[in-house]
Amino acid sequence: MANKHRHSHGDVPVVPDALSAEEAASLAFASDKTLTKHHFTEGEHPIVRIEHLNKSFDDTKVLRDVNLDVWPGEVVVVLGPSGSGKSTMLRCINLLETPTAGHILIEDQEITGQSKTDVNKLRREVGMVFQSFNLFPHLTAKQNVMIGQTKVLKRSKDADFKPPQLSGGQQQRVAIARAVAMHPNVLLFDEPTSALDPELVRGVLDVIRDLAENSGMTMIVVTHEMDFAREVADRVVFMEDGVVVEQGVPEKVFDHPENARTAEFLGSIG
Amino acid sequence: MSHMHENAMTRGESHHTRRVPALALALSAVLVLVATLALLPVSALAMTTNKATARPNEDGGSGVIGAMDTRLTWEGTVGDDEEVSSITLSLPEGATFDHASTRITVLDGLNRTSIDGTATSSGNSVDVQFSEGIPAGSLVRLEITNMQFPADGGDYVVSGSYTTADGQSHALDDSAAISVIANTPLQAAVSWLDAQPWVAAWNSNPFLGMFFKPQLLLTSFASLFPGWLVCLGIVLVCYPFAIVLGLAFAMLKTSRHKVLRAIAICYINLLRGTPLFLQIYIMFFGLPMVGINIDNNVLGVIVMAVNSSAYLAEIFRAGIQSIPQGQYEAAASLGMNGFQTMTSIILPQTVRRVIPTVTSDFITSYKDTSLLSSVGVMELMMFSKNLTTTTGNITPYMAAAIYYLIVTLPLIKVVGIIENNIARSERGGGPRPKRRAVAGASQESEEAKEELATSAEVSHTEEAKPATDVFAALSAPFVSHPTVDLGGVADGE
Ligand SMILES: Nc1ncnc2c1ncn2[C@@H]1O[C@H](COP(=O)(O)OP(=O)(O)OP(=O)(O)O)[C@@H](O)[C@H]1O
Ligand SMILES: [Mg+2]
C-alpha cells in the first residue's frame, strides 16, 4: 500500500466528481444518439458509466481519462491495438483492477471505494469472459457452469467432462455459460476467441452473437474479429494508448473512420 | 547349548550304570547315608520330589512348547525307611505320555544302580513299575522322552504317587511348575523350520544365519507387530493434525500481513532447519524438566505432527502459489468471496497437485517414527533393537525393515500412479465429448442432455429463440435445449 502511494502520489489525476444520474443520463442521451444503433429512450439511464477513468501501473499510464456510457441491452465492441488498455478498462469495470482515478458507475452506483462484500455483489452483476477461459480444471463443464450459482447465489440445479478434455472452443462456451448462469446485467468479453484455433472461433462467436441478439444483456466485447464487430455491434469503440479515440455505429467507424489512427488500424487488420 | 552338554552327559551315564565292586559300594553307602541325613533331615520319612524339568526333544528350540515332543525329567528321593516299587507321574488333562519312552536311573548314594522297569502310559499319566524295589535313600531319575504337554501352554506341575514294597500307595509332592509355551501356529512353524535340513544349511552360512535366520524372522514378525502398530498409530494420528497445522501455516505464509508472515516463516524455518532427532530430545527431556509429563506415545504424536506440519506448510504454499492468477480472477468475476474462492476453487486444485508430495512426506514421517525409539517409545525400532540384543542376531532388524517396506513400497507406487494420472488429466487425457456432424434438432433432445451438443450447424437462423432461454442455450453444451443451438463447437469447420 505504502509503496503504491509513493509511486503514484504526484501522478493521480484530479478528476471532477461523478455527475448526478439525471445529468449523466441526459448528457449521454444527447451524445450517444448518433453513436449507436441501440435504441434507448429519453429518461433511460446508462447501465455502465465510465467517467474520467485513469489507471496507472506504477509509472505507466494505461488509461487516460476514458469516458464511456453503455446503455442497457447495448452491445459495445471495443477495438484497438495491443497495449491500448482495452483489457484494463474491462478489468476496471468489475474491479479486477482498481482505478487510479475517475468513476465507474453501474446502475448509477459508484463501484469504486466499496466495501469488500459490495464488490462481490457488484461482480455478480457483471459477468466476465476471459481470453484464456479460466475454467476451473478440477470441475466438470457442468460444475463449472453451476458453481457460481451454487456457491454464490446459493441456488442449486448438472456435460461431465473436465476442461482439459474439451477443445478450446468448448471450454470458452462453458466459460460463457458460467458467466451467463449468474444472470449478470452486464457481460464483459475480453478477446474471447484470441486463444482459439481459427476453426474454433466461429462456434464461440455464434454463441456470443446469439446472446447479443436474444438475451437483451448489455455486453462490452473486446475483440479483433472485425466481421463479427461489424455484424453484431451496436457501437464500436476504438481505443489507442489509453484513450478512446473514436466511437460510433460500426458502418461509420469501419467505412468512414474520422481518425487517422483508426483508419490505419482498420487498414492494417484488413 | 547347556542342554546339549547335559544330553551328552546323560548318554555317558547310561554306559556307566553297571555293577561296581562290592567294597566300594559298601563304602559309599556309608557316605551316602551321612550325606542324605545331612541334606534331607526333615523329609527323610517319605519319598520326596526333588525336581521336575522339561526340555524339547530336539535340540535347537529354547522353550518347552505344548503338544510338541518333550523330554520330561523327574527326580525324587526315596524315604529313609521305604522301598519303592512303582511311581506314577501325572500331568493335567491335555498332556500325553502315549508313545513316550522312559529311562530309569537310580543313584544309591554315589553309585548307580541298574534297575529295570516297565513304563505304562495312559493318557496324561505314566506308571513305572520297577523290577525290584528301590532302596531307601536312593535318588530316582525318570527321563521320559516323547511326552507332550498340553497345547495351551501355561505353568504345569508334575504330581503323582508311589507305591512302597508293602503295597501301600502314597502321594508325591507336586513338583515346581514347568513353564510351557502355548503351541501357536507360529511356534509350530518355528519348530517345523528347526527340523528342516535346508534351514540348517541356510543358517550355517554366516551371512544368511546372521541377517536372515528363518526361525528368528518368523518370531521377529510376531514380536515386532505391536511396535509396528505403534509406528502406524503415531503417524496416522499425527498426520491429520500435521495437515491442518501445515495448511494454517501455509495460509499465514501467504498472508498479506507482515507479522503473520513472519510468524509462519519462523515456525517453518526453525522446524525445517533443525533435525527431528534434536526436536525429539528437546521435547522428551525438556518437558519433564519443567514438570510437564505427557504419555510417550502422545508426545511422540505431537512432536511428529509439529515437525511434519512445517514441511507440509511449504508443500501447500507452493501448491497454492502454483494455481494461476486467472483462477482467482474467474472466481472473483463470479462474485465469490475470499473464503469461497479458497475452499471451492483454489484448495481443491491444490490438493490434487500436492497429493504426490504429501504422500512422500507421509512416507518420510512414517520412517522417522523410528527416531522415537531413542526416547523410549515402544515402536518398531525399539522392539527390534531389544530382540537383536537378546538374540545376538541381526534378523530382527531385517524384520523391522520389512515392516517399514510393506507400508512404504505400496505408497511409493501410489505416488507414481497419482503423478501419472495428474499429468495425463492435465494433458486432457480421458474420454472426449462425441462429435456429431449434423444437428438432429428434434430427436436429440433426450440423449443430448448427457453430452455436449457438438453440432457444426448454426441453427439460430432456423428458429426464433425467446430471450429468456439464453441461459438454457448456454448450458446447451450440457443440457441441450431443443429450440436453441449453441452453434456447436464448429470444430469440424
Ligand atoms: N498488472 C499490470 N502491471 C503492469 N502493467 C500492466 C499490467 N496490466 C497491464 N499492464 C500494461 O498496461 C498496458 C495495457 O494493457 P492491456 O492489457 O489493457 O492492453 P490491451 O489493449 O488489452 O492489449 P491486448 O490487445 O494485447 O490484450 C500494457 O502496456 C501492459 O503492459
Ligand atoms: Mg487485452
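Bear in mind the structure is a predicted one, so any value in this text is a computation, not a measurement. (Residues numbered from 1 in each chain as written. Chains lettered and ligands numbered in written order. Predicted model: local features only at pLDDT ≥ 70, side-chain atom pairs only at ≥ 80, totals over all residues. Heavy atoms only, no water.)

(A) Highlighting the environment of Ile111 of chain A. Residues and elements named next belong to chain A. Take Ile111: it is sitting in the loop between strand S5 (109–110) and helix H4 (116–125). Taking the C-alpha atoms as reference points, Ile111 and Leu95, 16 residues apart in sequence, are found 8.0 Å from one another. Excluding residues within four positions of it along the chain, Ile111 makes contact with Cys92, Ile93, Leu95, Ile104, Ile106 and Leu122. (Helix = DSSP H or I, 4+ residues; strand = E, 2+ residues; numbered from the N terminus. Contact = heavy atoms within 4.5 Å.)

(B) Structural detail: helix H7 (residues 258–273) of chain B. Its 16 residues give H7 of chain B an end-to-end C-alpha distance of 21 Å, which sits within 8% of 22 Å, the value for a rise of 1.5 Å per residue. Of the surrounding secondary structure, the elements contacted by the buried residues of H7 of chain B are helix H6 (214–253), helix H8 (276–289) and helix H9 (296–321) of chain B. (Expected span 1.5 Å × (residues − 1).)

(C) Just the pattern of salt bridges, in detail. Residue and element names in this part refer to chain A. This model, assessed by the stated rule, comprises 18 salt bridges over all chains. Among the salt bridges present, the one from Arg209 reaches Asp206, with a minimum N-O distance of 3.3 Å. Of the two residues, Arg209 and Asp206 are both situated in helix H7 (residues 198–214); the distance of 3 residues between them amounts to about one turn of the helix. No difference in accessibility class separates Arg209 from Asp206, as the two residues are buried. Here Glu240 makes a salt bridge to Arg261, at a shortest N to O gap of 2.4 Å. Of the two residues, Glu240 sits in strand S9 (residues 235–240) while Arg261 sits in helix H10 (residues 260–269), which places them 21 residues apart along the sequence. (Salt bridge = Lys/Arg side-chain N within 4 Å of Asp/Glu carboxyl O. Buried < 20%, exposed > 50% of the residue type's maximum accessible area, 1.4 Å probe, protein only.)

(D) Highlighting unusual backbone geometry. A positive phi angle is found at Phe133 of chain A, which is not glycine, with a value near 65 degrees. Along the chain, Phe133 of chain A turns up in the loop between strand S6 (126–129) and helix H5 (141–152). A positive phi angle is found at Ala67 of chain B, which is not glycine, with a value near 55 degrees. Along the chain, Ala67 of chain B falls in the loop between strand S1 (48–56) and strand S2 (70–77).

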